[in-house]
Amino acid sequence: MEADAAKLIGAGIACIGMGGAGVGVGTLFGHYLAGAIRNPAAADGQFPRLIFGFAVTEALGIFSLLIALLLLYAV
Amino acid sequence: MEETAAADKFDPIHQFGIIPIFDLGTIGGVHIAFTNSALFMAIAVILISSLLIVGTSSRALVPGRIQSLAEISYEFVANMLRESAGKEGMRFFPFVFSLFMFVLFLNVLGLFPYFFTVTSHIVITATLAIAVILTVIIYGFYRNGLKFLGLFVPQGVPGFLTPLVVLIEVLSFLSRPLSLSVRLFANMLAGHITLKVFASFILMLSAYGFVGWIGAILPFGMTVALTALEVLVAFLQAYVFAILTSMYLNDAIHPSH
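Predicted, not measured: the structure shown is a model, and the values here were computed from it. (Residues numbered from 1 in each chain as written. Chains lettered and ligands numbered in written order. Predicted model: local features only at pLDDT ≥ 70, side-chain atom pairs only at ≥ 80, totals over all residues.)

S.K.: Residues and numbers for the overall build of chain A, please.
M.R.: A count of helices and strands for chain A gives four helices and zero strands. Its C-alpha atoms give chain A principal-axis dimensions of roughly 60 × 15 × 10 Å. Relative to its full complement of 75 residues, chain A shows a buried share of 9%. A separation of at least 24 residues holds for 91% of the contacts in chain A among residues at least 6 apart in sequence. (Helix = DSSP H or I, 4+ residues; strand = E, 2+ residues; numbered from the N terminus. Buried ≥ 20, exposed ≤ 12 C-beta atoms within 10 Å, placed from the backbone. Contact = placed C-beta atoms within 7 Å.)

Right under this line is the structure:
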C-alpha cells in the first residue's frame, strides 16, 4: 500500500474516536435537559458544571481530531 | 494535474499562514518579525482596552450601551470566578478577566473574512495554558506548602487503591495544560477549516454555469449556518477556557477535596 493512502485511511480511522465524544456530549446535554425540565429553578446553578463536563468530554474527541489533522497535514 | 492545481487554490489551510509584516532583525540567531498574528493580538488588546476605558469613563448611574457592555463582561467573569474559586479566588480576577477577554476577542475577530485567527495556533494557546498551570503550581506551593500535594490524594479512598488513584490524579493533572491548549486550538482550527471547505464548494459548483449556481445555494446556506455556529463556539471556548482556569485556581487555593 502506498504511504499516502495509508495516511488517509489512518486519518479516517482516527475520526472514529470522535463518535465516542459525540455519545458523551449527547448524554451530558440530554441528562442536563431532563434534570432541567424536572427542576427548572436549579438548572441555571448547574450550568457551569455542565460546561465543565462538556469541556472535559469534548477534549477526548478533539484529541482524535488532532491525530487526524496531524496525519493529513503534518506527517 | 489540473485537479491538484484546483486543490491548491482552495487550500483550507492557507488562511492560517503567518506573514511577516515588517522585520525587527535577529536576536540570538532567531529571526524576529512583526507578523499578522502579532498585529491581530495588538488589535484585540486595543479593542479591549478602549471598550473598558471608554465604558467606565462616564460612570453613569444608568449605564449607556458601551458602559453596560463593560459592566456585563465584568459581572459575568466575576460571578464565574466567585462561584468556582470562592472569595479568595477573586485575587486572580485581573488574570482570569484578561484571559477571557483576550481569547474571546481573538476568537471573534478571527470570524471576519480575511481576518487572521490567532487562537488557531498551538503556540499561542499553549503559552496561555502554561501561564495558567504555572500560576496554579507556584501559587499552590506558595500558599499551602507541601500540603498542595494533597491534591493528588482524594479522601475516602480505600488504602490499597491509593497508589492507583494517586497515579491517575497525577496523570490527569499533567494532561491539563495539554487539553486546555489543544481544546481551544483544535476547536478554532477545525471550525475555520470546515467553514473554508464549505465556502470552496460554492466556488467549485459555480464553475458549472447556471445549474451550478442553483446547486451552490446549498453550501452557501451551510456556510451561513456554520458561521452562526462558529460565533457560538468562539464565545463558548473563551468561557470554557476561563472557567477551567478558575477551577484549576480553585485547586491551588483549596487543594484537599
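S.K.: Describe the environment of glutamine 155 of chain B, with residues and values.
M.R.: Relative to the helices and strands, glutamine 155 of chain B is located in the loop between helix H5 (122-144) and helix H6 (162-206). Separated by 101 residues in the primary sequence, glutamine 155 of chain B and serine 256 of chain B have C-alpha atoms spaced 7.9 Å apart.

S.K.: Tell me what's going on with the packing of helix H4 (residues 93-109) of chain B against helix H8 (residues 217-253) of chain B, and back it up with residues and numbers.
M.R.: Residues and elements named next belong to chain B. Two numbers describe how H4 lies on H8: the axes approach to 8 Å, and their chain directions differ by 160°. Considered as vectors, H4 and H8 are oriented roughly antiparallel to each other. When you trace H4 past H8, the crossing you get is right-handed. Within the contact between the two elements, H4 uses Val96, Leu99, Phe100, Val103, Leu104, Asn107 and Val108 and H8 uses Ala234, Phe235, Gln237, Ala238, Phe241, Ala242, Thr245 and Ser246. (Axes fitted to C-alpha atoms, helices over the stretch in contact; angles between N-to-C directions. Parallel < 35°, antiparallel > 145°, perpendicular 65-115°, else oblique. Left-handed = near helix turned anticlockwise from the far one by under 90°.)

S.K.: I'd like a rundown of the interface of chain B and chain A, residues and numbers included.
M.R.: Chain B puts 15 residues into the contact, and the matching count from chain A is eleven residues. Listing elements by their share of the side of chain B that touches chain A, those giving two or more residues are helix H3 (65-85), H6 and H8 of chain B. Here the side of chain B that touches chain A takes six residues from H6 of chain B, the largest share from any one element. Class assignment for the residues of the side of chain B that touches chain A results in ten nonpolar, three polar and two charged. (Nonpolar A, V, L, I, M, F, W, Y, C, P; charged D, E, K, R; others polar.)

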